[in-house]
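The residues making up each chain are set out below.
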Amino acid sequence: MDRLEEMLAIQKALNDRIREKRGLSGIDKTVWLQRYTLAMLSEMAELLDEVNFKWWKNPKPVNEAALKEELVDILHFFLSMCIAAGMDAAEIHRIYLTK
């Protein structure tokens, strides 16, 4: 199993646990894609705060650890979106190379 396959498997298991624990089964794929998109946008806003996008304020040093955590948070939701769309590692790779 390669790293992307492993991450997809771990993410699917996490998603399944959350759905079971919170009683979220039976929700349409489109709704999940919308929810994951909103969650990813929220994480991207948190990433923006880490990279000093407010040019009108005094710059602060970038917290590299926090920056990397936000990137991984975005990745979690991206992987969830890929899973919801029915993509596996091979398809993600193929489409990536095509783009």
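A brief look at the structure comes next. All values reported here derive from a predicted model rather than from experimental measurement.

## Observations regarding helix α1 (residues 3-22)
Turning to step 1, where the next piece is worked out: Helix length check: α1, at 20 residues, gives a terminal C-alpha distance of 28 Å against a target of 28 Å (1.5 Å per residue), a fit within 8%.
Turning to step 2, where the next piece is worked out: Along α1, the residues classified as buried are L8, Q11 and N15. Buried residues of α1, viewed axially, fall in a sector of 70 degrees; they line one side. Exposed and oriented more than 90 degrees from the buried face of α1 are R3, I10, R17, E20 and K21.
Turning to step 3, where the next piece is worked out: Where the residues of α1 are buried, they touch α2 (29-50), α3 (64-84) and α4 (89-98).
Turning to step 4, where the next piece is worked out: Between the side-chain oxygen of the N-cap and the backbone nitrogen of L4 there are 3.2 Å, and the N-cap of α1 in question is D2.
Turning to step 5, where the next piece is worked out: Backbone geometry just after α1 places G23 at a positive phi near 65 degrees.

## Some remarks on the packing of α1 against α3
Turning to step 1, where the next piece is worked out: Their axes nearest at 9 Å, the elements α1 and α3 cross at an angle of 85 degrees. Taken as axis vectors, α1 and α3 run roughly perpendicular relative to one another. Packed against α1, whose contacting residues are L4, M7, L8, Q11, K12, L14 and N15, the element α3 presents L75, H76, L79, S80 and I83 at the interface.
Turning to step 2, where the next piece is worked out: In terms of residue class, the contact of α1 with α3 is made up of 7 nonpolar, 4 polar and 1 charged.

## Comments concerning the pattern of salt bridges
Turning to step 1, where the next piece is worked out: Within this structure, the stated rule accounts for 2 salt bridges.
Turning to step 2, where the next piece is worked out: For the salt bridge of K12 with D16, the shortest nitrogen-to-oxygen distance reads 2.8 Å. Remark: D16 and K12 occur in helix α1; sequence separation between them is 4 residues, near one turn of the helix.
Turning to step 3, where the next piece is worked out: Take D16: its relative accessible area is 33%, and that puts it in the partly exposed class.
Turning to step 4, where the next piece is worked out: With a closest N to O distance of 3.8 Å, R94 and E91 form a salt bridge. Here R94 and its partner E91 are both found in helix α4, 3 residues apart, which amounts to about one turn of the helix.
Turning to step 5, where the next piece is worked out: A relative accessible area of 27% means that E91 is categorised as partly exposed.

## Observations concerning the packing of aromatic side chains
Turning to step 1, where the next piece is worked out: Enumeration according to the criterion identifies 4 aromatic pairs in this entry.
Turning to step 2, where the next piece is worked out: Between the aromatic rings of F53 and W56, the centroid separation amounts to 6.4 Å while the plane-to-plane angle is 85 degrees, which identifies the pairing as edge-to-face.
Turning to step 3, where the next piece is worked out: On the basis of an interplanar angle of 90 degrees and a centroid distance of 4.8 Å, the ring pair of W55 and W56 is categorised as edge-to-face. Neither residue differs from the other here; W55 and W56 are each classed as exposed.
Turning to step 4, where the next piece is worked out: Here a set of aromatic residues connected by ring pairs shows up, and it is made of W32, Y36 and F77.
Turning to step 5, where the next piece is worked out: Residue placement shows R19 over the ring face of W32; its charged tip is 4.2 Å from the ring centre.

Rules used throughout
- Residues numbered from 1 in each chain as written.
- Predicted model: local features only at pLDDT ≥ 70, side-chain atom pairs only at ≥ 80, totals over all residues.
- Heavy atoms only, no water.
- Helix = DSSP H or I, 4+ residues; strand = E, 2+ residues; numbered from the N terminus.
- Expected span 1.5 Å × (residues − 1).
- Buried < 20%, exposed > 50% of the residue type's maximum accessible area, 1.4 Å probe, protein only.
- Arc of directions from axis to C-beta.
- Contact = heavy atoms within 4.5 Å.
- Polar contact = N/O pair within 3.5 Å; in protein donor to acceptor, adjacent residues only side chain to side chain.
- Axes fitted to C-alpha atoms, helices over the stretch in contact; angles between N-to-C directions.
- Parallel < 35°, antiparallel > 145°, perpendicular 65-115°, else oblique.
- Nonpolar A, V, L, I, M, F, W, Y, C, P; charged D, E, K, R; others polar.
- Salt bridge = Lys/Arg side-chain N within 4 Å of Asp/Glu carboxyl O.
- Phe/Tyr/Trp six-rings, centres within 6.5 Å; stacked < 30°, edge-to-face > 60°.
- Lys NZ or Arg CZ within 6 Å of the ring centre and 35° of its normal.

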